[in-house]
Amino acid sequence: MTNSVSAPAKIILFGEHAVVYGQPAIAVPVTDLRVFATFQPNDPPGQGLRVTAEDLDIQLPGDLPERVDDALSLTTKLVLQRIGATHAPDVTVAIDSQIPIASGMGSGAAFAAAFARALAASLNRTLDDDALNTLVYEIEKIHHGTPSGIDNTVIVYERPIYFVREQPIEPIDVGAPLHLLIGDTGQKASTREAVGDVRKLFDSDSSRIQPLLDEIGALVRSARDAIAAGDSQTVGALMSQNHTLLQVLTVSSPELDRLVGAATEAGALGAKLSGGGRGGNMIALVAPETQQQVGAALRAAGAVRVFPTTIR
Ligand code: MEV
């Protein structure tokens, strides 16, 4: 039995925020950026469940945790309940994350998924993906308030998805590889806050906002067809249109706009913010021959990190 498990980061290609209101969205895993969770029996024994991570070393009680208002305790409680265990294992789970936090890449969901997998494995059990997805969705509620469920779904099943809230997920066809650059503004941003602000905007002016959400939904449906057809020009154009609509929803930021503008000027086929917005990451679709110049333009415009990924 391996004592190390993991879960990937994610990016949203199309449809963030509108997905909360029932519109479709497209998300893909970033398999090269991961949270790893390694578990070892405690030595000396009798320490209960210890969880270590950067800036974190906590000990959870051996009984089912009473407190369920924090992500670790709730994950522990739900995993133990699911597998019918009455006591937490006497192990240390060490978490090592490569995913920047609060940056739209699903670090919270990936942390919960990796931790839950490790906890189950340390008790010689496996959580199937459906059970894990349901469980991580509960944790997402702690992080984000009213999540659509897209982040936990793409992270747990680890494949490109076309997602509509409360409907069965659909895998997407990728007709030709999509070469993306992920540019990090370096600014942490709260998805909960951005989602809450869009909600306020919607509640105060639904007759203006609903058509924008519908427009995003239509654009996502076109994007699915363009991705399946391998039509990168159209995919890029739709990404840029999606960014404009996200600006109107007030979830962009000067830094995101600067990176999106720099990528487009340097020859990207399209660019947009990805995830909750207000900071965090943007994505640019590039042709292999322009990848280098777009990457350089992103760095020159202030990206603290540029990460390439290819969707196949
Ligand atoms: C966050 O990655 C995506 C949002 O649409 C929120 C959600 O779907 O829960 C902003």
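Residues numbered from 1 in each chain as written. Predicted model: local features only at pLDDT ≥ 70, side-chain atom pairs only at ≥ 80, totals over all residues. Heavy atoms only, no water.

Colleague: How do you make sense of the overall build of the protein chain when you look at a structure like this?
Modeller: Helix and strand counts for the protein chain stand at 9 helices and 11 strands. For 312 residues, the compact-globule estimate of 2.2 N^0.38 gives 20 Å, and the protein chain sits close to it at 20 Å. Dimensions along the principal axes, computed over C-alpha positions, put the protein chain at roughly 60 × 45 × 35 Å. The burial tally for the protein chain puts 54% of its 312 residues in the buried class. For the protein chain, the accessible surface area stands at approximately 13000 Å², while carbon and sulfur atoms represent 50% of it. (Helix = DSSP H or I, 4+ residues; strand = E, 2+ residues; numbered from the N terminus. Rg over C-alpha atoms; globule rule 2.2 N^0.38 Å. Buried < 20%, exposed > 50% of the residue type's maximum accessible area, 1.4 Å probe, protein only. Areas by Shrake-Rupley, 256 points an atom, 1.4 Å probe, with all protein chains shown as cover.)

Colleague: Looking at this model, I keep getting lost on unusual backbone geometry. Mind explaining?
Modeller: Across residues other than glycine, the phi torsion is negative in most instances, and most of the peptide bonds are trans. Across the junction of D43 and P44, the peptide omega takes the value 0°, indicating a cis bond. The phi dihedral of H17 falls on the positive side, at around 70°, and the residue is not glycine. Of note, H17 is situated in the loop between strand 1 (4-14) and strand 2 (25-41).

Colleague: How do you make sense of helix 4 (residues 150-157) when you look at a structure like this?
Modeller: Residues lying three or four places apart along an α-helix face the same way, a consequence of the helix completing one turn every 3.6 residues. The buried fraction of helix 4 amounts to 8 of the 8 residues, a majority that puts the element mostly inside the structure. For helix 4, the set of buried residues is I150, D151, N152, T153, V154, I155, V156 and Y157. Where the residues of helix 4 are buried, they touch strand 1, strand 2, helix 2 (107-122), helix 3 (129-144) and strand 6 (161-163). Of the residues trailing helix 4, E158 is marked for its positive phi of about 50°. (Contact = heavy atoms within 4.5 Å.)

Colleague: I tried to follow the site of the ligand on my own but got confused; where do I start?
Modeller: In the vicinity of the ligand there are 13 residues, among which K10, H17, P147, S148 and D151 approach most closely. Here an oxygen atom of the ligand and a side-chain polar atom of K10 are 2.8 Å apart. Note that an oxygen atom of the ligand is positioned 2.8 Å from one of the backbone N or O atoms of H17. In the complex, 97% of the free accessible area of the ligand, which totals 300 Å², lies under the protein chains. In this structure the site holding the ligand corresponds to the largest pocket. Elements supplying a minimum of two residues to the shell around the ligand: strand 1 and helix 4. (Near = heavy atom within 4 Å. Polar contact = N/O pair within 3.5 Å; in protein donor to acceptor, adjacent residues only side chain to side chain. 1 Å grid on protein atoms, 1.4 Å probe; cavity = no way out; pocket = protein on both sides within 12 Å on 5 of 7 lines; lining within 4 Å. Sits in = over half its atoms within 2 Å of the grid points.)

Colleague: Mind showing me how you'd approach the pattern of salt bridges here?
Modeller: Where charged atoms from two side chains of opposite charge approach closely, those side chains can pair. For the structure shown, the criterion picks out 9 salt bridges. The salt bridge partner of D129 is R117, with a shortest N-O separation of 3.6 Å. With a gap of 12 residues between them, D129 in helix 3 and R117 in helix 2 connect regions that are remote in the sequence. Overall, the relative accessible area of 31% leaves D129 in the partly exposed class. E170 is the salt-bridge partner of R224, the closest N and O atoms lying 2.7 Å from each other. Of this pair, R224 sits in helix 6 (residues 206-229) while E170 sits in strand 7 (residues 170-171), and the two are 54 residues apart along the sequence. Given the relative accessible area of 34%, E170 is considered partly exposed. (Salt bridge = Lys/Arg side-chain N within 4 Å of Asp/Glu carboxyl O.)

Colleague: It is not clear to me how the layout of surface pockets should be interpreted in this structure. Could you clarify?
Modeller: Unfilled space is identified by rolling a water-sized probe across the atoms. Space inside the largest pocket adds up to approximately 770 Å³. I101, A102, G106, S107 and G108 are the residues nearest the centre of the largest pocket, which is lined by 39 residues in total. Elements represented by at least two residues in the lining of the largest pocket include exactly strand 1, strand 5 (91-97), helix 2, helix 3, helix 4 and helix 5 (191-204). Ranked by residue count, the leading element in the lining of the largest pocket is helix 2, at 4 residues. Among the residues making up the lining of the largest pocket, the classes are represented as 15 nonpolar, 17 polar and 7 charged. Counting residues domain by domain, the lining of the largest pocket receives three or more from each of domain 1 (3-163) and domain 2 (174-311). Roughly 260 Å³ of internal volume is contained in the second largest pocket. Residue lining of the second largest pocket: 15 residues in total, with N133, N152, T153, F163 and E166 positioned closest to the centre. Where the lining of the second largest pocket is concerned, the elements lending two or more residues are helix 3 and helix 4. Considering every element that reaches the lining of the second largest pocket, the biggest residue donor is helix 3, with 4 residues. Across the lining of the second largest pocket, the residue classes break down as 5 nonpolar, 7 polar and 3 charged. (Points joined across faces, edges and corners; volume = space filled by probe spheres on them. Nonpolar A, V, L, I, M, F, W, Y, C, P; charged D, E, K, R; others polar. Domains from an automatic or database assignment.)

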